[in-house]
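Chain by chain, the residues run as shown.
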2 protein chains.
Amino acid sequence: MIDQELVNLLRKKYQIVFNDLSLLQAALTHSSYANEHRELHLSDYERLEFLGDAVLELNVSEYIYKKFPHLSEGQLTKLRADIVCTASFSQFSREVGFPPYIKLGNGEEKAGARNRNTLLEDVFEAFNGALYLDQGNQAVEKFLRQTVYNHIDAGEFSDENDFKTELQEELQTQGDVDIDYLVVSQSASEENPSFTVQLIVNGIQLTTGTGHSKKAAEQQAAQRQLLKIHHDKYQNPATKS
Amino acid sequence: MIDQELVNLLRKKYQIVFNDLSLLQAALTHSSYANEHRELHLSDYERLEFLGDAVLELNVSEYIYKKFPHLSEGQLTKLRADIVCTASFSQFSREVGFPPYIKLGNGEEKAGARNRNTLLEDVFEAFNGALYLDQGNQAVEKFLRQTVYNHIDAGEFSDENDFKTELQEELQTQGDVDIDYLVVSQSASEENPSFTVQLIVNGIQLTTGTGHSKKAAEQQAAQRQLLKIHHDKYQNPATKS
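Please read these numbers as outputs of a predicted model, since none were measured by experiment. Once a new chain begins, its residue numbering starts again from 1 and follows that chain's sequence as written. Think of it this way: whatever chain is written first is A, whatever ligand is written first is 1, and the rest follow in order. The predicted origin of the model limits local features to residues at a pLDDT of at least 70 and limits the giving and counting of side-chain atom pairs to 80 or more, whereas totals for whole chains, interfaces and linings rest on all residues. Heavy atoms from the whole structure form the basis of all side-chain values; hydrogens and water molecules are not counted.

Caption draft 1: The pattern of salt bridges, seen in detail. For this document, the term salt bridge refers to a Lys or Arg side-chain nitrogen within 4 Å of an Asp or Glu carboxyl oxygen. Per the stated rule, a full pass over the model turns up 18 salt bridges over all chains. Arg114(A) serves as the salt-bridge partner of Glu109(A), at 2.5 Å between the closest nitrogen and oxygen. Lys164(A) is paired through a salt bridge with Glu218(A); the nearest N and O atoms lie 2.6 Å apart. Remark: Glu218(A) occurs in helix 11 (residues 214-229) and Lys164(A) occurs in helix 10 (residues 162-172); sequence separation between them is 54 residues. A single network of salt bridges, built from pairs that share partners, joins Asp53(A), Glu57(B) and Arg80(B). Note on conventions: DSSP H or I runs of at least 4 residues are helices, E runs of at least 2 residues are strands, and numbering of each starts at the N terminus.

Quick look at the structure:
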């Protein structure tokens, strides 16, 4: 029943080999397919999606809790909501390459469900639920590093002004500061623009940041400087003062 | 700073000894107290609450996913919402004995925050977040067995009709059935009533259930029979057909 191509993809791209292939199968099976093939006694992904939703919520929460020791509970909640949402999870589902392997009933197939964001989100959640049951949370963490955390690290989720504002507030506690972001390079390509900016505080060159827009590059530079400042807290986030 | 009585309580009642006491301290510290004592550089519980909320969500989800292999995703979601809520978590917080050890600012103390359900819920979540960071998820699981899962096992959360309906649907797939719940004992006490019922299917005595009401006792009997029926699936929930 399981598509060997999917098994190969997971092994080559993510070094994931399921012990219980029926879990992987269920994670990719929509209820419409299970209903059309009752004789096969297939499980659909719905219960795994319930579990996987919570697996993702905890892992993403822990990752950003530790990565951003300077963010308040409210800011963490907002950031998590940007990551744990249909738009992101459906995109991750596409990046992994799940769509061609989803088992759909004929009606749903004709209705275009294979490209429906909510369904792709469900499959991403169900897959993580299946992986959690099959191999525990460490395997999930490793998978998320390659599929979700890389996007967080690239600064794709946070409100573009958050880190700049945060850095300004942080630096101002030590008196007046002069904060500048200087564009130091800019690609010529209009299709795929790239900016690099340098953060300059009171005339001293600090971190640089790169992004598809000036704003994104500035945000990355500010985020990097915040991480430097909070390096000690990052080592031991709970004792931040 | 940490109240030695709390440390003793956690050790005696739950065999929990924190490695990093600052985590335990933060979990019990309201922002109003941290603000009133800035010179102490205390962390409040807000970030730990953010993390603990997700820790509880996953653990409860996993527990009911495995315990109730016959429940659909919709039923699991409803059951989880009954467990993971202010009313329950504040009650667990009281049962553990957190209230006297919460650090509150004067204003919040006078406003009665120590007995406020939302605050007690926050502390329960923050404590689980702190325990997770200090000792990992296994320690959280152990703590939840003594504080949350015991309540789930006692059937305190589910809609009283769920298990009866579920059992009826399950049994009817094998043809017509005659299902009865017979009260076999009833306590005389009006203040603390107790009922025991016996489930009888097609004249055969099956499980019994006990509860403070006839309905609750029936539900427990039905739940126990469902667990028997699904014992195989319970051993390997993902492969249920």
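From this point, things continue past the structure.
Caption draft 2: A look at the nonpolar core. As used in this record, nonpolar core signifies buried Ala, Val, Leu, Ile, Met, Phe, Trp, Tyr and Cys residues forming a set joined through side-chain atoms within 4.5 Å. The cut-offs for exposure are 20% and 50% of the maximum accessible area for each residue type, with area from a 1.4 Å probe on protein chains only; residues under the lower value are buried, those over the upper are exposed, and the others partly exposed. With 130 residues, the main nonpolar core has Phe124(A) and Phe124(B) as its most contacted residues. Look past the residues within four positions of Phe124(A) in its chain and what remains in contact with it is Leu56(A), Phe89(A), Phe92(A), Ser93(A), Val96(A), Phe98(A), Phe143(A), Leu144(A), Thr147(A) and Val148(A). We call two residues in contact when some of their heavy atoms are within 4.5 Å.

Caption draft 3: Structural view of the sheet that holds strand 2 (residues 195-201) of chain A. Residues and elements named next belong to chain A. Read across the sheet, 3 strands follow the order 1-2-3 without closing on themselves; strand pairing throughout is antiparallel. This sheet does not close on itself; its edge strands, each paired only once, are strand 1 (179-186) and strand 3 (204-211). With direction set aside, neighbouring strand axes in the sheet form an average angle of 25°. In this analysis, strands are considered paired if DSSP registers two or more bridges between them. Pairing geometry for strand 1 and strand 2, over 7 bridges, is antiparallel. Across the sheet, residue Asp-180 finds its bridge partner in strand 2, namely Ile-200. The strands touched by helix 10 are strand 1 and strand 2; relative to strand 1, the strand with the most contacts, the crossing angle is about 140°. Axis geometry follows a simple rule: fit a line to the C-alpha atoms, using only the stretch in contact for helices, then measure angles between N-to-C directions, giving values from 0 to 180 degrees. Seen against the sheet, helix 11 touches strand 1, strand 2 and strand 3 and runs at an angle of roughly 130° to strand 3.

Caption draft 4: Fine view of the confidence of the model for chain A. Of the residues in chain A, 92% reach a pLDDT of 70 or more, and the chain-wide mean stands at 89. Residue-level confidence of the predictor is summarised by pLDDT, bounded by 0 at the bottom and 100 at the top. Throughout residues 232-241 of chain A the model reports pLDDT below 50, and contacts reaching past four residues in sequence, or to other chains, amount to 19 contacts.

Caption draft 5: Region of interest: the interface of chain B and chain A. On the side of chain A, 36 residues touch chain B, which itself brings 36 residues to the contact. Both sides together, the interface formed by chain B and chain A hides about 3200 Å², and carbon and sulfur atoms give 63% of it. Buried area adds together the accessible area that both of two parts lose upon being put together, with accessible area traced by a 1.4 Å probe. A per-residue breakdown of the area chain B buries against chain A is headed by Arg47(B), Phe50(B) and Tyr65(B), which together make up 28% of the total. Applying the counting rule to chain B against chain A returns 2 salt bridges. As a salt-bridge pair, Asp53(B) and Arg80(A) come within 4.0 Å of each other at their nearest N and O atoms. We call two N or O atoms a polar contact when they sit within 3.5 Å, provided that within protein one can donate a hydrogen and the other can accept it, with sequence-adjacent residues counted only if both atoms are side-chain atoms. For the pair chain B and chain A, the interface holds 8 residue pairs in polar contact (both at pLDDT 80 or more). Elements that contribute at least two residues to the side of chain B that touches chain A include exactly helix 2 (21-27), helix 4 (46-67), helix 5 (73-83) and helix 8 (117-135) of chain B. Ranked by residue count, the leading element in the side of chain B that touches chain A is helix 4 of chain B, at 15 residues.

Caption draft 6: Seen up close, the packing of aromatic side chains. Only centres within 6.5 Å qualify two rings of Phe, Tyr or Trp (six-membered ring in Trp) as a pair; their planes then separate them into stacked at under 30 degrees, edge-to-face at over 60, and tilted for everything else. In the structure shown here, the tally under the stated rule is 22 aromatic pairs over all chains. Centre to centre, the rings of Phe98(A) and Phe127(A) are 4.9 Å apart; their planes meet at 50°, and the pair counts as tilted. Of the two residues, Phe98(A) sits in the loop between helix 6 (86-96) and helix 7 (106-110) while Phe127(A) sits in helix 8 (residues 117-135), which places them 29 residues apart along the sequence. The class for Phe127(A) is buried, based on a relative accessible area of 0%. Seen in terms of ring centroids, Tyr14(B) and Phe143(B) are 5.1 Å apart; in terms of plane orientation they differ by 75°. Their pairing is edge-to-face. Taken as a pair, Tyr14(B) in helix 1 (residues 4-14) and Phe143(B) in helix 9 (residues 137-153) lie far apart in primary sequence, 129 residues in all. Residue classification places Tyr14(B) among the buried residues on the basis of a relative accessible area of 5%. By relative accessible area, Phe143(B) is classed as buried at 1%. One aromatic cluster is present, formed by Tyr14(A), Phe18(A), Phe89(A), Phe92(A), Phe98(A), Phe124(A), Phe127(A), Phe143(A) and Phe157(A) through successive ring pairs. One cation-aromatic arrangement involves Arg47(B) over Tyr65(A); the distance from NZ or CZ to the ring centre is 4.3 Å. Placement of a charge over a ring requires the Lys NZ or Arg CZ to be within 6 Å of the ring centre, with the centre-to-atom vector within 35 degrees of the ring normal.

Caption draft 7: Region of interest: the relation of the copies chain B and chain A. Taken as rigid bodies, chain B and chain A are interconverted by a rotation of 180° and an axial shift of 0.0 Å, the fit giving an RMSD of 0.1 Å. Taken together, these values place the two copies in the relation of a two-fold axis. A high fraction, 100%, of the interface residues of chain B reappear at the interface in chain A, so the copies pair face to face through one surface. In superposing the copies, a least-squares fit is computed on C-alpha atoms, taking residues whose pLDDT is at least 70 in both.

Caption draft 8: Quick peek at the sheet that holds strand 1 (residues 179-186) of chain B. Residue and element names in this part refer to chain B. The sheet built from 3 strands is open, its strands ordered 1-2-3 with antiparallel pairing. The outermost strands of the open sheet, each flanked by one partner alone, are strand 1 and strand 3 (204-211). Going across the sheet, the axis of each strand differs from the next one's by a mean of 25°, ignoring polarity. Examined bridge by bridge, strand 2 (residues 195-201) and strand 3 share 6 bridges and lie antiparallel to one another. Counterpart to Ile-200 in the pairing with strand 3 is Gln-205.

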